[in-house]
Amino acid sequence: MIMSQKILVAYFSASGETAKLAKTLAAVAKADLFEIKPEQAYTSADLDWNNKKSRSSQEMNDKVSRPAIAEKAEDMDTYDTVFVGFPIWWYEAPRIIQTFLESYDFSGKTVIPFATSGGSGMGKTVSILKQSCSIRTKWKDGKRMSSTAGQETVQDWVNSLNL
C-alpha cells in the first residue's frame, strides 16, 4: 500500500509501448505522469537498430552521449519516489534516460526503473543508471514488463515494493 508519498512516473517511449505501461503504472500508483521527450523527435530511420549509422545506434555506441530533452519536469523537488520507464535498447536504457537522471538531484529520493522490451532483459541497466545519480539516491529493483500488463499485474508489483 502506498502511503502519503508524492510519486512521479517519468517515461521515455520511442514507439508508444512504454507509454502504455507508464499510464497503467501512474493510475495504479496514483502518481503524476511526465513524458521524457527528446528535443529532436526520433524518426523510424533513427530507430533502425540494424543500421549502425542510425541515430539510436550511434547514441548507444557512445557511452557519453546525452540526447537533449525538450522540457524539464516541474517541481521535481516535491517528489519522494520517481519511477523511470523506458524501452530496452541494446540491453540497457536509452541514453536519454541518463540525460534525465543527470538533470536533477535525486538525493534522498527513491528511484525505481521499469522497462518494456521485445524480449531482452534489463541487463546491467540499473548499475549503469546509478552512476547518473547521487550516491544518496535510494534504488529499488527495476522490472521489465509487457507494455500491455494489466492493472492487477502492475498493482502486484507496486505492492511488492513496500513503498
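The structure we're discussing is the one just above.
It should be emphasised that the depicted structure is a prediction, and the values quoted were computed from it without experimental measurement. (Residues numbered from 1 in each chain as written. Predicted model: local features only at pLDDT ≥ 70, side-chain atom pairs only at ≥ 80, totals over all residues. Heavy atoms only, no water.)

A. Just the nonpolar core, in detail. Within the largest apolar cluster, 29 residues are counted, with the highest numbers of intra-cluster contacts made by Ile36, Met76, Phe86, Ile97, Phe100, Leu101 and Phe106. Of all elements in the fold, only strand S1 (7-11), strand S3 (81-87), helix H3 (95-102) and strand S4 (110-116) reach the threshold of two or more residues within this core. The greatest single-element share of this core, amounting to four residues, is contributed by H3. When sequence neighbours within four positions are dropped, the list of residues in contact with Ile36 reads Ala10, Tyr11, Phe12, Ile69, Ile96, Ile97 and Phe100. Formed by 21 residues, the second largest nonpolar core is a distinct cluster that contains Val9, Ala22, Ala26 and Leu163. (Core = buried A, V, L, I, M, F, W, Y, C linked by side-chain atoms within 4.5 Å. Buried < 20%, exposed > 50% of the residue type's maximum accessible area, 1.4 Å probe, protein only. Helix = DSSP H or I, 4+ residues; strand = E, 2+ residues; numbered from the N terminus. Contact = heavy atoms within 4.5 Å.)

B. Representation of helix H1 (residues 17-29) within the structure. Its 13 residues place the ends of H1 19 Å apart at the C-alpha level, agreeing with the 18 Å of an ideal helix rising 1.5 Å per residue. All buried positions along H1 are accounted for by Thr18, Ala19, Leu21, Ala22, Thr24, Leu25, Ala26, Val28 and Ala29. Phi turns positive one or two residues past the end of H1, at Lys30, with a value near 55°. (Expected span 1.5 Å × (residues − 1).)

C. Inspection of H3 at higher detail. Across the eight residues that make up H3, a large majority, seven, are buried. Considering only its buried residues, H3 is in contact with S1, strand S2 (32-35), helix H2 (55-61), S3, helix H4 (125-130) and strand S5 (138-139).

D. Quick look at the pairing of S2. By the bridge criterion, four bridges tie S1 to S2 in an arrangement that is parallel. Bridge pairing in S2 places Leu8 opposite Asp32. In this fold, S1 hands off to H1, which returns the chain to S2; that crossover is right-handed. (Pairing = 2+ DSSP bridges. Right-handed = clockwise from strand over helix to strand, strands pointing away.)

E. Representation of the packing of aromatic side chains. Within this structure, the stated rule accounts for nine aromatic pairs. On the basis of an interplanar angle of 25° and a centroid distance of 6.3 Å, the ring pair of Phe34 and Phe100 is categorised as stacked. With a gap of 66 residues between them, Phe34 in strand S2 and Phe100 in helix H3 connect regions that are remote in the sequence. Accessibility expressed as a relative area gives 10% for Phe34, which makes it buried. Ring centres 6.0 Å apart and planes at 75° place the aromatic pair Tyr104 and Phe106 in the edge-to-face group. Side by side, Tyr104 and Phe106 carry an identical accessibility label, which is buried. (Phe/Tyr/Trp six-rings, centres within 6.5 Å; stacked < 30°, edge-to-face > 60°.)

F. Seen up close, the layout of surface pockets. One number sums up the size of the largest pocket: a volume of about 500 Å³. Around the largest pocket, the lining comprises 18 residues; the ones closest to its centre are Trp49, Pro87, Ile88, Trp89 and Gly118. (1 Å grid on protein atoms, 1.4 Å probe; cavity = no way out; pocket = protein on both sides within 12 Å on 5 of 7 lines; lining within 4 Å. Points joined across faces, edges and corners; volume = space filled by probe spheres on them.)

G. The arrangement of the pairing of S3 in detail. Among the seven residues that make up S3, seven are buried, leaving the element largely enclosed by the rest of the structure. What you see with S3 is no split at all: Thr81, Phe83, Gly85 and Pro87 on one side and Val82, Val84 and Phe86 on the other are buried throughout. Note on the crossover from S3 through H3 to S4: the handedness is right-handed.

H. Structural detail: the pattern of salt bridges. Going through the model one piece at a time under the given rule, you end up with six salt bridges. Here Glu17 and Lys20 are joined by a salt bridge, their closest N and O atoms 3.1 Å apart. In this pair, Glu17 and Lys20 are both assigned in helix H1, three residues apart and thus about one turn of the helix distant. Residue classification places Glu17 among the partly exposed residues on the basis of a relative accessible area of 31%. Salt bridges sharing common partners tie together Asp46, Arg55 and Glu59. (Salt bridge = Lys/Arg side-chain N within 4 Å of Asp/Glu carboxyl O.)

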